Amino acid sequence: MEGKRKLIEVVAAIIHDDQDRVFATQRGYGDMKDGWEFPGGKMEQGETPEEALKREILEELETEIFVERLVTTVEWDYPKFHLTMHCFSCHIESGSLTLKEHEAARWLTKEQLCTVDWLPADKVVVDNLMLM
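The notes below deal with the structure included here. (Residues numbered from 1 in each chain as written. Predicted model: local features only at pLDDT ≥ 70, side-chain atom pairs only at ≥ 80, totals over all residues. Heavy atoms only, no water.)

What the three strands build is an open sheet, ordered 3-2-7; its pairing is antiparallel. Looking at which strands have only one partner, the edges of the open sheet turn out to be strand 3 (36–37) and strand 7 (102–108). (Pairing = 2+ DSSP bridges. Helix = DSSP H or I, 4+ residues; strand = E, 2+ residues; numbered from the N terminus.)

In structure tokens form, the structure reads like this:
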């Protein structure tokens, strides 16, 4: 009998600039190292998704963001866990997107979104962005 699958709830920032590009980051650690994703991380007890996202982006990228709105929530089954990912449209308030945990990052136009190897759950978000 299969054990209960671990549930992980995270938030992700779809950071856009005034040229309508979005910020993509490449994981530098873990099972999914080298996969591309929208930056973010796990919510902590008592945090709203928006608070968690602001904290994570400040920790990971030394950047303060303004969280605009929820774009989508993705439910995805990875081999070792089930992911619930709340994705928010954001813009930079201050900071320079310094990579502390990622190995690479790129600003991508809508036409360039499919030029990086997105992690499966993030690919769902990219597909949604392509329709917008």
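Let us now look at the layout of surface pockets. Empty space within the largest pocket amounts to approximately 480 Å³. Around the largest pocket, the lining is made up of 24 residues, and of these Val 10, Arg 27, Met 32, Glu 37 and Leu 83 lie nearest the centre. Elements that contribute at least two residues to the lining of the largest pocket include exactly strand 1 (6–15), strand 4 (40–42) and strand 6 (81–95). Taken as a whole, the second largest pocket encloses approximately 250 Å³ of empty space. (1 Å grid on protein atoms, 1.4 Å probe; cavity = no way out; pocket = protein on both sides within 12 Å on 5 of 7 lines; lining within 4 Å. Points joined across faces, edges and corners; volume = space filled by probe spheres on them.)

Evaluation of the coordinates by the stated rule reveals four aromatic pairs. With a centroid separation of 5.1 Å and 55° between ring planes, the pair formed by Phe 23 and Trp 107 is classed as tilted. Taken together, the positions of Phe 23 in strand 2 (residues 22–27) and Trp 107 in strand 7 put the pair 84 residues apart, joining distant regions of the chain. You can call Trp 107 partly exposed: its relative accessible area is 25%. An aromatic cluster is present here, built from Trp 76, Tyr 78 and Phe 81 joined pairwise through their rings. (Phe/Tyr/Trp six-rings, centres within 6.5 Å; stacked < 30°, edge-to-face > 60°. Buried < 20%, exposed > 50% of the residue type's maximum accessible area, 1.4 Å probe, protein only.)

The subject of this paragraph is unusual backbone geometry. For Asp 20, which is not a glycine, the phi torsion comes out positive at approximately 65°. Within the element layout of this structure, Asp 20 appears in the loop between strand 1 and strand 2. Look at Glu 62: it is not a glycine, yet its phi comes out positive at around 50°. Inspection of the secondary structure puts Glu 62 in the loop between helix 1 (49–61) and strand 5 (63–77).

With that settled, the discussion passes to the side chain of Ser 89. As for its position among the elements, Ser 89 is in strand 6. Here the side chain of Ser 89 touches His 16 through a polar contact of 3.5 Å, side chain to side chain. Ignoring any residue separated from it by four or fewer positions in sequence, one finds Ser 89 in contact with Ile 14, His 16, Phe 66, Val 67, Glu 68, Arg 69 and Val 71. (Polar contact = N/O pair within 3.5 Å; in protein donor to acceptor, adjacent residues only side chain to side chain. Contact = heavy atoms within 4.5 Å.)

Considering the arrangement of structural elements, one finds Met 130 in helix 2 (residues 120–131). On the accessibility criterion, Met 130 (35% relative accessible area) is partly exposed. Among residues more than four places away in sequence, those in contact with Met 130 are Lys 110, Leu 113 and Cys 114.

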